[in-house]
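As a plain string of letters, each chain reads:
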Amino acid sequence: MRTAYSVETVRTAERELMARLPEGALMQRAAAGLAAACADVLGRVYGSRVVLLVGSGDNGGDALYAGARLARRGAGVTALLLAPERTHAGGLAALRGAGGNTVTGGDGFLGTAQELIGRADLVVDGIVGIGGKGGLRPDAATLAGFAAGSRAVVVAVDLPSGVEADTGEVLGPAVHADLTVTFGTHKPGLLIDPAREYAGSVRLVDIGLDLPERAELEALQHADVAARLPAPGAESDKYRRGVVGIAAGSARYPGAAVLAVSGALRGGAGAVRYVGPAADAVISRFPETLVSDLGPARAGRVQAWVVGPGAGDDASAVAEVLEAEVPVLVDADGLRLADRATVRGRTAPTLLTPHAGEAAALLGVSRESVEGARLASVRELAARYGATVLLKGSTTLIADPGGGVVRVNPTGTAWLATAGSGDVLSGLAGSLLASGLSASDAGSVGAYLHGLAGRFAADGAPVGAHDVAEAVRDAWRDVMG
Ligand SMILES: NC(=O)C1=CN([C@@H]2O[C@H](COP(=O)(O)OP(=O)(O)OC[C@H]3O[C@@H](n4cnc5c(N)ncnc54)[C@H](O)[C@@H]3O)[C@@H](O)[C@H]2O)[C@@H](O)CC1
Ligand SMILES: Nc1ncnc2c1ncn2[C@@H]1O[C@H](COP(=O)(O)OP(=O)(O)O)[C@@H](O)[C@H]1O
Ligand SMILES: [K+]
């Protein structure tokens, strides 16, 4: 499991560790890791041109000590000091002692900075780290712009300056890094868009922090998914493996039913039962589907329901499914039609799977505000509905209603932004629910397989949703490795 911790938790762990170590030792660990990463990026350190963007805190201190290490190996290092009178004193002395230069504020500062950054091989962003709040100040924002326009590789120290560490929000201009070297643990902002996009690739440097059991965010890895996937045994039959009911599609959108069933057939349930007006389309594509035209309440037993994809305005199917005492996944049109009080009152688990537009409609805010604050949005929806919520998009998040750790999906590709791919996910996750996974596991394991399948199916070229469904089996095999 990959984890991310909040700034508050990191600060506490740092304090405890610092009390046991000689003064400055922790920063030396960070700087050593940072310098090693910079050297890897440069390839040849000797003779390279390095520019440090240095703010007023310890983030700038890290950059200065790392710059001193690079200067000792023959790099030409210049530090641009954004707050000369509050620059980390030890770091500054180390850089100067190693032969590095400094440029301080005042007239001509920005012109000199632009010239130096324009000629640099490497720019190290030590403007702010976990102490940053509220976007970059004007001079810092200007330097971030110069770095973006230069041909230099940009390495961010701990976090790209200007992004919110705890939430992944980006409130104004921020540094666009090619690589972020982060210390002790990932921060939530490194895993959640839009901030994640500013981080580039992320390298974690172990500085020996002792972190608590409960993280802020966790991302499943192959082994975590493999441990949760259902596997048939000698005692299995199709009913014991779980039957998933799909109440989806309409005369107008029969394809949504077919795609949800295609996902469900690859999700581990022993049988897929389809209820709705698209039975002919479903059967002709997937003859193994059990179909019924009696409506969810009389269709026969299932261990979990999926309701909503392509459902149009059929509120009765949604209401019937929500009455069932089995886990229910609600997607697409079903989200609009589901009564909030009914969802809150359910005793069996409920998993809601909105994309940002659907989440925005449920919360009564704009789509942009959901996309800008995904973590807060998914938590708020889970709390309001008393349900597990999987918020889809460039970063997919899964939150349980009682608070606690939020899951973030590490797989996926933007090629998944194609019509119907969400229907495949709803069938897949519903099938996992029917095989006995918790709502949070079904959502996060489903999203993981779906994302991996999307990557395999796309392989750098456009895909249709049915391609994604077909690649789920490859993803499953890859995970079981
Ligand atoms: N605490 C520790 O033990 C360690 C901290 N380390 C480094 O220290 C960093 C945290 O250091 P600090 O707590 O000093 O905080 P930062 O260096 O992240 O930032 C605080 C400083 O930045 C200024 N600032 C805040 N918001 C700003 C904005 N929007 N624009 C421009 N300036 C802004 C503040 O006035 C303050 O002086 C970590 O991110 C990490 O890089 C590492 O050396 C590892 C050890
Ligand atoms: N930019 C993106 N990067 C990665 N995945 C994305 C992106 N945009 C959408 N997705 C994924 O694609 C799927 C689209 O689902 P959804 O919006 O419900 O589509 P539809 O309603 O057409 O089925 C979701 O799994 C979502 O997480
Ligand atoms: K930084």
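The model shown is predicted, which means the values in this text are computed figures rather than measured ones. (Residues numbered from 1 in each chain as written. Chains lettered and ligands numbered in written order. Predicted model: local features only at pLDDT ≥ 70, side-chain atom pairs only at ≥ 80, totals over all residues.)

A. Main features of the site of ligand 2. What surrounds ligand 2 is a group of 18 residues, the closest being His355, Lys392, Leu416, Ala417 and Gly422. The element best represented in the shell around ligand 2 is helix 17 (residues 421-434), accounting for 4 residues. Among the residues making up the shell around ligand 2, the classes are represented as 6 nonpolar, 10 polar and 2 charged. (Near = placed C-beta within 6 Å. Helix = DSSP H or I, 4+ residues; strand = E, 2+ residues; numbered from the N terminus. Nonpolar A, V, L, I, M, F, W, Y, C, P; charged D, E, K, R; others polar.)

B. Structural view of the UniProt feature "binding site: AMP" (unreviewed entry) in the protein. According to UniProt, the "binding site: AMP" (unreviewed entry) feature falls on Lys392, Gly393, Ser394, Thr395, Thr396 and Gly422. The named residues occupy 31 residues along the chain; their greatest pairwise C-alpha distance, 13.8 Å, places them in one compact cluster. Within the secondary structure, Lys392 is located in the loop between strand 16 (388-391) and strand 17 (397-399). Judged by local crowding, Lys392 falls into the buried class, with 25 C-beta atoms found within 10 Å. When sequence neighbours within four positions are dropped, the list of residues in contact with Lys392 reads Thr353, Pro354, His355 and Gly422. You can see Gly393 is positioned in the loop between strand 16 and strand 17. Apart from residues no more than four positions distant in its own chain, Gly393 is found in contact with His355, Ala356 and Glu371. (UniProt positions renumbered as here; feature names shortened; annotations may be inferred. Buried ≥ 20, exposed ≤ 12 C-beta atoms within 10 Å, placed from the backbone. Contact = placed C-beta atoms within 7 Å.)

C. Expanded view of the pairing of strand 2 (residues 49-54). The buried fraction of strand 2 amounts to 5 of the 6 residues, a majority that puts the element mostly inside the structure. For strand 2 and strand 3 (residues 76-81), the ladder comprises 6 bridges, and the chain directions are parallel. When the sheet's bridge partners are listed, Val51 is paired in strand 3 with Thr78. Taking the sense of rotation as the criterion, the β-α-β connection linking strand 2, helix 3 (residues 58-72) and strand 3 turns out right-handed. (Pairing = 2+ DSSP bridges. Right-handed = clockwise from strand over helix to strand, strands pointing away.)

D. Representation of the nonpolar core within the structure. If you look at the biggest cluster of nonpolar residues, it comprises 160 residues, and the most contacted ones within it are Leu52, Val124, Ile246 and Val307. No other element matches helix 18 (residues 439-458), which puts 9 residues into this core. Split by domain, the residues of this core number at least three in each of domain 1 (2-217) and domain 2 (222-480). Apart from the residues within four sequence positions on either side, Val124 is in contact with Cys38, Val50, Leu52, Leu53, Ala63, Ala66, Gly67, Val155 and Val157. (Core = buried A, V, L, I, M, F, W, Y, C linked by C-beta atoms within 7 Å. Domains from an automatic or database assignment.)

E. A look at the packing of helix 17 against helix 18. The contact between helix 17 and helix 18 brings their axes to 8 Å, and the two run at 135°. The angle between the axes of helix 17 and helix 18 places the two elements in the oblique class. Taken as a pair, helix 17 and helix 18 cross one another with a handedness that is right-handed. In this structure, helix 17 uses Ser421, Val424, Leu425, Leu428, Ala429, Leu432 and Leu433 to contact helix 18, whose residues at the interface are Ala439, Ala442, Gly443, Val445, Gly446, Ala447, Leu449, His450 and Gly454. (Axes fitted to C-alpha atoms, helices over the stretch in contact; angles between N-to-C directions. Parallel < 35°, antiparallel > 145°, perpendicular 65-115°, else oblique. Left-handed = near helix turned anticlockwise from the far one by under 90°.)

F. How the structure looks around the sheet that holds strand 5 (residues 122-126). The 7 strands lie next to each other as 4-3-2-5-6-7-8, forming an open sheet whose pairing is parallel. Two strands lie at the open edges of the sheet, namely strand 4 (101-103) and strand 8 (201-205), each paired on one side alone. Strand-to-strand twist in this sheet, taken as the mean axis angle between neighbours without regard to direction, amounts to 20°. Here strand 2 pairs with strand 5 via 5 bridges, running parallel. Of the residues in strand 5, the one forming a bridge with Val50 is Leu122.

G. Representation of the UniProt feature "domain: YjeF N-terminal" (unreviewed entry) in the protein in the model. Here the UniProt-annotated "domain: YjeF N-terminal" (unreviewed entry) positions come out as residues 10-215. Helix makes up 39% of residues 10-215 and strand 17%, whereas the separation of the span's terminal C-alpha atoms amounts to 11 Å.

H. Representation of the domain arrangement of the protein in the model. Each assigned domain of the protein is listed here: domain 1 (2-217) and domain 2 (222-480). Taken together, the contact between domain 1 and domain 2 spans 14 residues of the former and 11 residues of the latter.

I. Structural detail: the site of ligand 1. As a structural note, the neighbourhood of ligand 1 is formed by 28 residues, with Gly57, Asp58, Asn59, Gly129 and Gly131 the closest of them. Residue assignment for the shell around ligand 1 shows that the elements contributing at least two residues are helix 1 (7-20), helix 2 (25-42) and helix 3. Per-element tally for the shell around ligand 1: the top contributor is helix 3, with 4 residues. For the shell around ligand 1, the class distribution of residues is 12 nonpolar, 10 polar and 6 charged.

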